[in-house]
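# A look at the structure
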Amino acid sequence: MSVDLVLGPRPDESGPPIGGRDAYPAEVTERLATDAASIIGRYPQPRSALLPLLHLVQSEDGYLTKAGIAFCASQLGLTDAEVSAVATFYSMYRRTPTGDYLVGVCTNTLCAIMGGDAILEALETELAIHPGQTTSDGRITLEHIECNAACDYAPVVMVNWEFFDHQTPSSARDLVQALRDGQTVTPTRGAALCPFRQTARTLAGVGPDVTDTSLPGDATLAGLRVAQALSEDGEG
């Protein structure tokens, strides 16, 4: 039996290409090189430091630029193409300018069932932007995100990758308004919220120490309690 396969055009790469400035000023390169040396020194092989270095250069412009890619390549002895291949694989690395707060709405299966689609629609209306766009004041970039393993608290909104659980369209609108007004906003759990570029430095390992004192909540522990009860009853 033979099967005819009709090959169409090569699909476009997801997301825009990496653009922005081509090179950093000398003083920026020198400052970043100091941080890069600290990061690279933590790894037995320099190229193992690529992911935190990408966060470091993302903290400079709020997204990845050609300058950032070239900087990482030069620090690690890689080609720009090798760095770009890694950078474009992970959704945490931004390819377009990002606001002070990256607001992501999960609309995967459980969050969608619990109202994620309605939350995203409400924020599009409230902010007058679509996912991937930033408000005119530069404060908020809206993003549609895939599952972030927080289904026990669905529907979930993330701000700079910190969790805001059990959201509704109303609470999500209040959240983004508070962010735009410069109010202090506290995540449901996890570390304190900070602006996007500072978050990037923290993820690079050169930002201020971050302490997460939150503990697993009842929803997270429910399955464990059931398993323990079944085990005690001899059913495990």
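Residues numbered from 1 in each chain as written. Predicted model: local features only at pLDDT ≥ 70, side-chain atom pairs only at ≥ 80, totals over all residues. Heavy atoms only, no water.

Stated formally: UniProt positions are given in the numbering used here, feature names are shortened, and annotations may be inferred rather than shown by experiment.
By the naming in an unreviewed UniProt entry, the chain goes by NADH-quinone oxidoreductase subunit E and is assigned to Mycolicibacterium anyangense. Recorded in UniProt under Sequence similarities (unreviewed entry), the annotation for the chain is "Belongs to the complex I 24 kDa subunit family."

### What to know about the sheet that holds strand β2 (residues 140-145)
Threshold: Note on pairing: DSSP must find at least two bridges between two strands before they are called paired. Each helix is a run of DSSP H or I of at least 4 residues and each strand a run of E of at least 2, with the numbering of both proceeding from the N terminus. Fitted lines through C-alpha atoms serve as axes, helices being fitted only where they are in contact, and the angles separating the N-to-C directions of these axes extend from 0 to 180 degrees. Only heavy atoms matter for contacts: two residues are in contact if any of them lie within 4.5 Å across the pair.
The strand order β2-β1-β3-β4 describes an open sheet built from four strands, whose pairing is mixed. Either end of the sheet is taken by a strand with one partner, and the two such strands are β2 and β4 (162-164). Between one strand axis and the next, the sheet turns by 25° as a mean value, whatever way the strands run. Strand direction decides the pairing type here: strand β1 (residues 101-106) and β2, joined by six bridges, are parallel. Within the sheet, the bridge partner assigned to L102 lies in β2 and is T141. Where helix α6 (residues 116-127) meets the sheet, it contacts β1, β2 and β3 (157-159), and its direction lies at approximately 145° from that of β1.

### Looking at unusual backbone geometry
Put simply, the rule reads: Each residue gets one of three labels from its accessible area relative to the maximum for its type: buried under 20%, exposed over 50%, partly exposed in between, using a 1.4 Å probe on protein chains only.
Residue P155 is reached from A154 by a cis peptide bond, and omega for that bond is -5°. Here P155 shows up in the loop between β2 and β3. Here the phi dihedral of A149 falls at roughly 60°; this positive angle occurs in a residue that is not glycine. With respect to the helices, strands and loops of the structure, A149 is situated in the loop between β2 and β3. For A149, a relative accessible area of 70% corresponds to the exposed category.

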